[in-house]
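Chain by chain, the residues:
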Amino acid sequence: MSAEPVSDVKDLEHHECWAALRTVSVGRLAVLVAGRPDIFPVNYTVDRGTLVFRTSEGTKLSGASEDAPVALEADGVDPNTGLAWSVVVKGTAAVVTGTEQVLETTQLFLFPWQAGKKDIFVRITPDSITGRRFKVTEPVTWWTQLSGAVRTAQE
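For clarity, every value in this text was computed on a predicted model and none was experimentally measured.

*Asks:* Can you explain the overall build of the protein? Please cite residues and give values.
*Replies:* The helix and strand tally for the protein stands at 4 helices and 7 strands. Listed by position from the N terminus, the elements making up the protein come as β-α-β-β-β-α-β-β-α-β-α. Out of the 155 residues belonging to the protein, those deemed buried represent 32%. Across the protein, every contact between residues at least 6 apart in sequence was considered, and the portion connecting residues at least 24 apart equals 70%.

Written out as structure tokens, the structure is:
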């Protein structure tokens with residue numbers, strides 16, 4: 001039996017996490033809604049040690065306002081090097097209020113992908129930020145005999 005190759009995983013430093021978050025604009029926001037976890041894709045931007053996204057009235061906003069505990073995960077991969085990263089920000093979310101704060105936030109050039117009125121800005125203030133970088137494993141490494149198995153139409 002040969003030993004399996006061990007993947008090198010590097011924990012990212014605080015500043016490396018922020019640098020990685022600045023390279024993408026989409027993440028997954030995790031909130032609690034009626035006591036249950038829910039996840040939403042959001043466009044975000046980094047703003048002075050916080051994350052900001054736009055939304056409208058609805059489930060996402062109700063789970064991400066009034067200093068609610070939230071988490072946001074974003075990741076990326078460099079196709080040239082095969083290095084991937086994943087960063088998780090945990091903290092509290094609150095609606096941006098006050099004329100001056102709203103005006104400052106509108107200057108962030110934050111444009112949601114989905115059409116519709118998204119005139120509410122939400123700021124995530126982190127309590128913790130963690131990240132990892134690793135080499136993407138070649139598919140042949142994790143392929144199993146079942147990978148090529150014939151599946152039914154419902155699968």
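*Asks:* Break down the pattern of salt bridges for me, citing the residues and quoting the values.
*Replies:* Evaluated as defined, the whole model comprises 8 salt bridges. Among the salt bridges present, the one from lysine 10 reaches glutamate 16, with a minimum N-O distance of 3.0 Å. A relative accessible area of 39% means that lysine 10 is categorised as partly exposed. We classify glutamate 16 as buried; its relative accessible area is 19%. Across the pair arginine 48 and glutamate 104 runs a salt bridge whose closest N-O atoms are separated by 3.5 Å. Of this pair, arginine 48 sits in the loop between strand S3 (36–47) and strand S4 (50–55) while glutamate 104 is found in helix H3 (residues 99–106), placing the two residues 56 residues apart along the sequence. Arginine 48 gets classed as exposed once you look at its relative accessible area, which sits at 64%. Exposure remark for glutamate 104: the relative accessible area of 36% places this residue in the partly exposed category.

*Asks:* How would you explain the nonpolar core if you had to name every residue and give the values?
*Replies:* Residues Leu21, Leu51, Val87 and Ile124 are the most contacted members of the largest nonpolar core, which totals 26 residues. Those elements that place two or more of their residues in this core are helix H1 (14–21), strand S2 (26–33), S3, S4, strand S5 (68–78), strand S6 (83–95) and strand S7 (120–135). Residue contacts for isoleucine 124: discarding those within four places in its chain leaves Leu29, Thr50, Leu51, Phe53, Val70, Leu72, Val89, Thr92 and Ala93.

Analysis parameters
Residues numbered from 1 in each chain as written. Predicted model: local features only at pLDDT ≥ 70, side-chain atom pairs only at ≥ 80, totals over all residues. Heavy atoms only, no water. Helix = DSSP H or I, 4+ residues; strand = E, 2+ residues; numbered from the N terminus. Buried < 20%, exposed > 50% of the residue type's maximum accessible area, 1.4 Å probe, protein only. Contact = heavy atoms within 4.5 Å. Salt bridge = Lys/Arg side-chain N within 4 Å of Asp/Glu carboxyl O. Core = buried A, V, L, I, M, F, W, Y, C linked by side-chain atoms within 4.5 Å.

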